[in-house]
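The chain contents come next:
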Amino acid sequence: MSDEMKERIKAIAASVAFLGLFLLAWNVFVTAQNGPAADMDPELAALLGPQAKGQSALPTPGEVGAEIWSHVTNPFYDAGPNDKGIGIQLAYSIARVLTGFGLAALIAIPLGFLIGMSRLAERALNPYIQLLKPVSPLAWMPLALYTIKDSEISSIFVIFICSIWPMLLNTIFGVASVRRDYLNVARTLEVTPLRTAFRVILPAAAPTILTGMRISIGIAWLVIVAAEMLVGGTGIGYFVWNEWNNLSITGVISAIFFIGLVGMVLDLILGQAARLVAYAE
Amino acid sequence: MDARKKILKIEGLERRFPAPDGKGETQVFGDLWFDVKEGEFVCLIGHSGCGKTTLLNIMAGLDKASGGHVLADGFNVEKPALDRAVIFQGHALMPWMTALGNIDFAVASRWPGWSRDERRAQCQKFIDLVHLTGSEDKKPAQLSGGMKQRVGIARALAIEPKILLMDEPFSALDALTRGSLQDELLGIVAARNQTSFMITHDIDEAILLADRIVLMTNGPEARVCEIVENTLPKGRNRSDMHTHPNYYPMRNHLIEFLVNRSKSFKQELAARSYDPKSPPTVRPGAPSDRPNKVAS
């Protein structure tokens, strides 16, 4: 067995051990809060749920595990507006993120390309980009709701506005810092500007552009949860808020798990795409 | 007189840059006059800072002159063109393309109408010429420094340029690799009768490769000090070049220039007449009674 394999097995063992310790500590913490059952009206006790029986409102790892498993086995059920499977809610959120992100990419990459090729445009537009970039995307929400008057499109707009900046800035930077040598080679070969853009500048800047896209999709996935909490209706953000209103901490924790999982997958996909365009100097 | 056509003419070329303190301009070089004849190999020697790379960039059309002009095959050079290929100091290969891809990019630019097979055949011919057969599909990062510059040479030659311009193409390589690449370049250039202009600061490289060597004084306000005709006969090679009686006169003349005269050229000028339009031609080691200019 190679040293590399040994190292990997050690890392996996440590991961599993860490998870086991964490779940154990969680379980101990929750069960330690259990006290004697309160003496109260059985109807009130039924409403209060575990707390009436002297149990903590926090679920044990086993309860969360069962909840996650029930979502995994039945992700797409639809029992009315307030009771949809987590698969449906995640699908709504992913669709919004991909739409907003896709529109932002369609605008940011060509626009960043043009700005990056011109020192003048870069200098002229940089102050506005720097001003708008740090604005929390949710601050745009009231403006979007007022002008667009459609909560669905408004949340897509918020995703659009938050994912445009990293892609725009990285595209500008990537295009502006293409090595002079490569451009000189293209010039001495009398390559047309369009061919230079696609065969030289785009591949040279692609890793930087992909990094921007990766940052953007991460931010978009962060923002969609908050946007959907605000707008309501459907989506994983709404799901979390709904579980909170139901006082289902189990539901909230399992939703956190799924949000993390989807975010990780989105990042992995763009990470793979980045590997495709990477090059060693 | 050498009856060959002057394919590259430098006439009164000058380049100024804004001075570092922001006031006025500094002349890097000026009043440069020399030429390169068809099939000839000319080297330009000078210290760093005399504007060698700037000069080559102007010849390539990548940079603009502040005064004077460059004529390539009778036409004023204003922008880069496919009849002048450049081998860059850093190989300047596109790292995302394979060796073949880099050469093909040039070939497709030169002959946009060619089919894939025609381009492939042209690329292969030049890959074989620089002994890179078998490395076609490697990316530059997988190639050694010498192999990268071979791809650079193949890319420049594959477009079959009238003039090959080289900016210290071997300066980043170790001595052994540099030697073998010089030998190969010499063979290729001689076999193809390729008109070539190379910038270097390596004296032995100049003696081995060049038919004539242009000596450039130190900047700012660099000038062509003189033009040295190589008195070693054609068919030079590195293994026995140094046994020729003219080798040491050539070498000493060039070292003397680089070490002393390149700095003190202005004082030297005060003591003798100098016409920048035809800088003196010298032939180190040649019998002194022979005239300066002889048919080669």
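Residues numbered from 1 in each chain as written. Chains lettered and ligands numbered in written order. Predicted model: local features only at pLDDT ≥ 70, side-chain atom pairs only at ≥ 80, totals over all residues.

Below, the discussion takes up the overall build of chain B. Scanning chain B for helices and strands turns up 8 helices and 11 strands. Principal axes of the C-alpha set define a box for chain B whose edges measure 60 × 50 × 35 Å. A buried classification covers 42% of the 296 residues belonging to chain B. If you take every contact in chain B between residues at least 6 apart in sequence, the share linking residues at least 24 apart comes to 71%. (Helix = DSSP H or I, 4+ residues; strand = E, 2+ residues; numbered from the N terminus. Buried ≥ 20, exposed ≤ 12 C-beta atoms within 10 Å, placed from the backbone. Contact = placed C-beta atoms within 7 Å.)

Further remarks concern the overall build of chain A. Within chain A, the secondary structure is distributed over 11 helices and 0 strands. Secondary structure elements in chain A, listed N-terminal to C-terminal, are α-α-α-α-α-α-α-α-α-α-α. In terms of overall dimensions, chain A has C-alpha extents of about 90 × 65 × 30 Å along its principal axes. Sorting the 281 residues of chain A into buried and exposed places 32% on the buried side. Residue pairs at least 24 apart in sequence account for 68% of intrachain contacts in chain A once pairs closer than 6 positions are excluded.

Membership of the largest hydrophobic core comes to 135 residues, with the highest contact counts inside it found for A:Ile159, B:Ile103, B:Ala154 and B:Leu165. Domain assignment of the residues forming this core places at least three in each of domain 1 (1–80 + 164–170 + 193–296) and domain 2 (84–160) of chain B. (Core = buried A, V, L, I, M, F, W, Y, C linked by C-beta atoms within 7 Å. Domains from an automatic or database assignment.)

Residues and elements named next belong to chain B. Within the open sheet, the 7 strands sit side by side as 6-7-8-3-9-10-11. Their pairing is mixed. Every interior strand has two partners, whereas the edge strands, strand 6 (84–87) and strand 11 (281–282), have only one. As paired elements, strand 3 (residues 41–45) and strand 8 (residues 195–200) share 5 bridges and run parallel to each other. Bridge pairing in strand 8 links isoleucine 45 to threonine 200. Seen against the sheet, helix 7 (residues 247–261) touches strand 3, strand 9 (212–216) and strand 10 (224–229) and runs at an angle of roughly 170 degrees to strand 10. (Pairing = 2+ DSSP bridges. Axes fitted to C-alpha atoms, helices over the stretch in contact; angles between N-to-C directions.)

The subject of this paragraph is the pairing of strand 7 (residues 163–167) of chain B. All names here are of chain B. Along strand 7, 5 of the 5 residues are buried, which leaves the element largely enclosed by surrounding structure. Here strand 7 shows a buried face lined by Ile163, Leu165 and Asp167 and a second buried face lined by Leu164 and Met166. The pairing of strand 6 with strand 7 spans 4 bridges and is parallel. Of the residues in strand 7, the one forming a bridge with valine 86 is leucine 165. Across 5 bridges, the pairing between strand 7 and strand 8 is parallel.

The next subject is the sheet that holds strand 2 (residues 25–37) of chain B. All names here are of chain B. Strand order in the open sheet formed by 4 strands is 2-1-4-5, and the pairing between neighbours is antiparallel. On the outer flanks of this sheet lie strand 2 and strand 5 (75–76), each paired with one strand and no other. Relative to strand 2, strand 1 (residues 6–18) runs antiparallel, the two sharing 10 bridges. Considered in strand 2, the bridge of arginine 15 is made with phenylalanine 29. Across the sheet, helix 1 (residues 52–60) is in contact with strand 1, strand 2 and strand 4 (67–72); its angle to strand 1 comes to roughly 125 degrees.

With that settled, consider the packing of helix 2 (residues 99–110) of chain B against helix 4 (residues 145–158) of chain B. Angle between the axes and distance between the axes are the two parameters that describe a pair of packed helices. Residue and element names in this part refer to chain B. Interhelical geometry of helix 2 versus helix 4 gives an angle of 20 degrees and a closest axis separation of 8 Å. Classified by the angle between their axes, helix 2 and helix 4 sit roughly parallel to one another. Pair helix 2 / helix 4 crosses with right-handed handedness. Contacts between helix 2 and helix 4 involve Ala99, Asn102, Ile103, Ala106 and Val107 from the former and Val151, Ala154, Arg155 and Ala158 from the latter. Of the residues contributing to the contact of helix 2 with helix 4, the split by class is 7 nonpolar, 1 polar and 1 charged. (Parallel < 35°, antiparallel > 145°, perpendicular 65-115°, else oblique. Left-handed = near helix turned anticlockwise from the far one by under 90°. Nonpolar A, V, L, I, M, F, W, Y, C, P; charged D, E, K, R; others polar.)

Moving on, we get to the packing of helix 4 (residues 86–117) of chain A against helix 10 (residues 236–245) of chain A. Residues and elements named next belong to chain A. The interhelical angle for the contact between helix 4 and helix 10, taken along N-to-C directions, is 135 degrees, at an axis separation of 7 Å. As judged from the angle between their axes, helix 4 and helix 10 are oblique. Taken together, the residues of helix 10 that come into contact with helix 4 (itself represented by Ile86, Gln89, Leu90 and Ser93) are Ile236, Gly237, Tyr238 and Phe239. Considering only residue class, the contact of helix 4 with helix 10 consists of 5 nonpolar, 3 polar and no charged.

Note on interface size: it is often stated as the accessible area lost on association of the parts. Taken together, the contact pairs 15 residues of chain A with 17 residues of chain B. Mapped by element, the contributors of at least two residues to the side of chain A that touches chain B are helix 8 (180–188) and helix 9 (193–231) of chain A. Looking at side-chain class alone, the side of chain A that touches chain B contains 8 nonpolar, 2 polar and 5 charged residues.

Residues and elements named next belong to chain B. Relative to the helices and strands, threonine 217 is located in the loop between strand 9 and strand 10. Sequence separation between threonine 217 and phenylalanine 265 is 48 residues; the distance between their C-alpha atoms is 6.8 Å. Those residues within four positions of threonine 217 in sequence are excluded, and the remaining contacts are Cys50, Ala222, Arg223, Cys225, Ser262 and Phe265.

Residues and elements named next belong to chain A. For helix 9, which comprises 39 residues, the first-to-last C-alpha distance of 45 Å sits more than 12% below the rise-based estimate of 57 Å (1.5 Å per residue). At alanine 206, helix 9 shows its largest bend, some 50 degrees, and a proline, proline 207, comes one to four positions later. Following helix 9 by one or two positions, glycine 232 has its phi on the positive side, about 75 degrees. (Expected span 1.5 Å × (residues − 1). Bend = angle between axes of the 7 residues up to and from the residue.)

Residues and elements named next belong to chain B. Here chain B is described as being made up of domain 1 (1–80 + 164–170 + 193–296) and domain 2 (84–160). Facing the 10 residues of domain 1 at the interface are 9 residues of domain 2. Residue contributions to the side of domain 1 that touches domain 2 peak at 4 residues, all from strand 7.

Here we come to unusual backbone geometry. Residue and element names in this part refer to chain B. Phi at aspartate 31 takes a positive value of approximately 55 degrees, unusual for a residue other than glycine. By the element assignment, aspartate 31 lies in strand 2. Judged by C-beta crowding, with 18 C-beta atoms within 10 Å, aspartate 31 ranks as partly exposed. Not every positive phi belongs to a glycine, and aspartate 73 is a case in point at roughly 55 degrees. Summarising the element assignment, aspartate 73 is placed in the loop between strand 4 and strand 5.

What follows is about helix 8 of chain A. All of the buried residues in helix 8 of chain A are A:Tyr182, A:Val185, A:Ala186 and A:Thr188. Within helix 8 of chain A, the buried residues cover an arc of 165 degrees as seen down the axis, which keeps them to one side. Those residues of helix 8 of chain A that are buried are in contact with helix 9 of chain A together with helix 1 and strand 6 of chain B. (Arc of directions from axis to C-beta.)

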